[in-house]
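Tertiary structure, described
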Amino acid sequence: MIYTIKNSKIEVSVEDLGAQMRSIKDATGKEYLWQGDEKYWTDCAPNLFPYIARLTQGEYTLKGKTYKMDIHGFLKDSVLKLKEKTQTKMVFSLKDSEKTYKQYPYHFELKIKYELFENEVKVSYSVVNKDHKMMYFGIGGHPGFQVPIEKELSFDDYFIEFSKVGNVKRVGMSEDCFVTGKDEDFPLDENRRLHLHHNIFDDDAIILRDVPSKMVLASEKGSSRIEVETNQLDYLGIWHMPRTDAPYVCIEPWSSLPSRKDIVEDLEEQDNLVSLKPQGYYTGFFKIKIVK
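This is a predicted model, so every value here is computed, not measured.

Let us look at the overall build of the chain. Check the secondary structure of the chain and you find 1 helix and 24 strands. Its C-alpha atoms give the chain a radius of gyration of 19 Å, within 12% of the compact-globule value 19 Å for 292 residues. Every one of the 292 residues in the chain was classed for burial, and the buried ones make up 55%. For the chain, the share of sequence-separated contacts (at least 6 apart) that also reach a separation of at least 24 residues comes to 66%. Of the roughly 13300 Å² that the chain leaves accessible, carbon and sulfur atoms contribute 44%. For the chain, the distance from the average site of its 41 positive side-chain charges to the average site of its 47 negative ones is 6 Å.

Laid out in structure tokens, this is it:
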């Protein structure tokens, strides 16, 4: 089922399957979120938990036992319960079940909150470890945005600009999308801009670390832009379907990284995962602001 919240400036729709956003519209009805297309990518904005991207051989170990899990974890395929809804806010919940426990042996509650503030939607994640043991996980978002935002422009007219000049690093990735450990400086145009071209995704996602928490998707030829802000989500994936002319770009705030190349990860040893003590609480968020 799809639920909608709105105010005078923005309207957001979310499906209970994965608590995935299905639409972000402004007051005129203009759509900003990618709407899915079998030619390129059928999703719109999946939420990722308890693992980000790929596991080597599709599995991991914990306390000497091996568990299997699909890419990006099971959240995207789970139906969440709507716990709270007002005109401008809704909260979805996922608790562990027999099904989740078989692939992720923890008792937990995950909540995803969508809340509107003027022309902005805030997407908040919270996780409670309801188990008696340390809990390890990754969490994040995978929203896709329509590019061009303004129909008279082209994909190549757009850039992602970071709020600060910094020494951004690109996480080294293998051809089959696993971490190599060979991170490199990632030069940006004018020290802060990544200009969009379809071929920059020929080798799949660009994964960055040490990025500023604020960024904007915009074009100097247009007036509309999408601003993104993150908190407690320290990695950033930028992606569209490789080797295509896909008319969208994903800006993906993540808490952690995929598995290392040729290593079946032990969750207790993967140092970029969130570590949550028994009865511990994690929270992180990202914001999407529509500016015209």
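Let us look at the pairing of strand β8 (residues 89–95). Buried residues dominate β8, accounting for 6 of its 7 residues. The sheet contact formed by strand β7 (residues 81–85) and β8 spans 4 bridges and is antiparallel. Within the sheet, the bridge partner assigned to Lys81 lies in β8 and is Ser93. Counted between consecutive antiparallel strands, the loop separating β7 from β8 contains 3 residues. When β8 meets strand β9 (residues 108–117), the two strands line up antiparallel, connected through 7 bridges. Each residue of the ladder has a partner; that of Lys89, found in β9, is Glu115.

For the rest of this paragraph, the subject is the pattern of salt bridges. Following the criterion strictly, the structure yields 18 salt bridges and no others. Between Lys9 and Glu118 there is a salt bridge, with the nearest N and O atoms lying 2.9 Å from each other. One end of the pair, Lys9, is in the loop between β1 (2–6) and β2 (10–15); the other, Glu118, is in the loop between β9 and β10 (120–129), with 109 residues separating them in the sequence. Between Arg209 and Asp210 there is a salt bridge, with its nearest N and O atoms 2.7 Å apart. Judged by relative accessible area, Arg209 falls into the partly exposed class, the value being 25%. The partly exposed category is assigned to Asp210, whose relative accessible area is 45%. When salt bridges with common partners are traced through the structure, they connect Glu161, Arg193 and Glu220 into a single cluster.

This paragraph deals with the sheet that holds strand β17 (residues 193–195). Ordered by their spatial adjacency, 9 strands build an open sheet running β7-β8-β9-β10-β24-β20-β19-β14-β17, and the pairing between neighbours is antiparallel. Strands at the two margins of the open sheet, each flanked by one partner only, are β7 and β17. Across the sheet, the mean angle from the axis of one strand to that of its neighbour is 15°, orientation sign disregarded.

One pair of aromatic rings is described through two measures. These are the centre distance and the angle between the planes. All chains considered together, the criterion is met by 18 aromatic pairs. Ring plane angle 90° and centroid distance 6.1 Å describe the contact between Phe49 and Phe74, whose orientation is recorded as edge-to-face. You can see Phe49 sitting in the loop between β4 (47–48) and β5 (59–62) and its partner Phe74 sitting in the loop between β6 (65–68) and β7, a full 25 residues away along the chain. With respect to burial, Phe49 and Phe74 carry one shared label: buried. Ring geometry for Trp239 versus Tyr248: centroids 6.0 Å apart, planes at 55°, classification tilted. The class of Tyr248 is buried, set by a relative accessible area of 0%. An aromatic cluster is present here, built from Phe49, Phe74, Tyr104, Tyr106, Phe108, Phe137 and Tyr282 joined pairwise through their rings.

Conventions used here
- Residues numbered from 1 in each chain as written.
- Predicted model: local features only at pLDDT ≥ 70, side-chain atom pairs only at ≥ 80, totals over all residues.
- Heavy atoms only, no water.
- Helix = DSSP H or I, 4+ residues; strand = E, 2+ residues; numbered from the N terminus.
- Rg over C-alpha atoms; globule rule 2.2 N^0.38 Å.
- Buried < 20%, exposed > 50% of the residue type's maximum accessible area, 1.4 Å probe, protein only.
- Contact = heavy atoms within 4.5 Å.
- Areas by Shrake-Rupley, 256 points an atom, 1.4 Å probe, with all protein chains shown as cover.
- Lys, Arg positive; Asp, Glu negative; His and termini not counted.
- Charge placed at Lys NZ, Arg CZ, Asp CG, Glu CD.
- Pairing = 2+ DSSP bridges.
- Salt bridge = Lys/Arg side-chain N within 4 Å of Asp/Glu carboxyl O.
- Axes fitted to C-alpha atoms, helices over the stretch in contact; angles between N-to-C directions.
- Phe/Tyr/Trp six-rings, centres within 6.5 Å; stacked < 30°, edge-to-face > 60°.

Any functional reading would require information that these geometric values do not contain.
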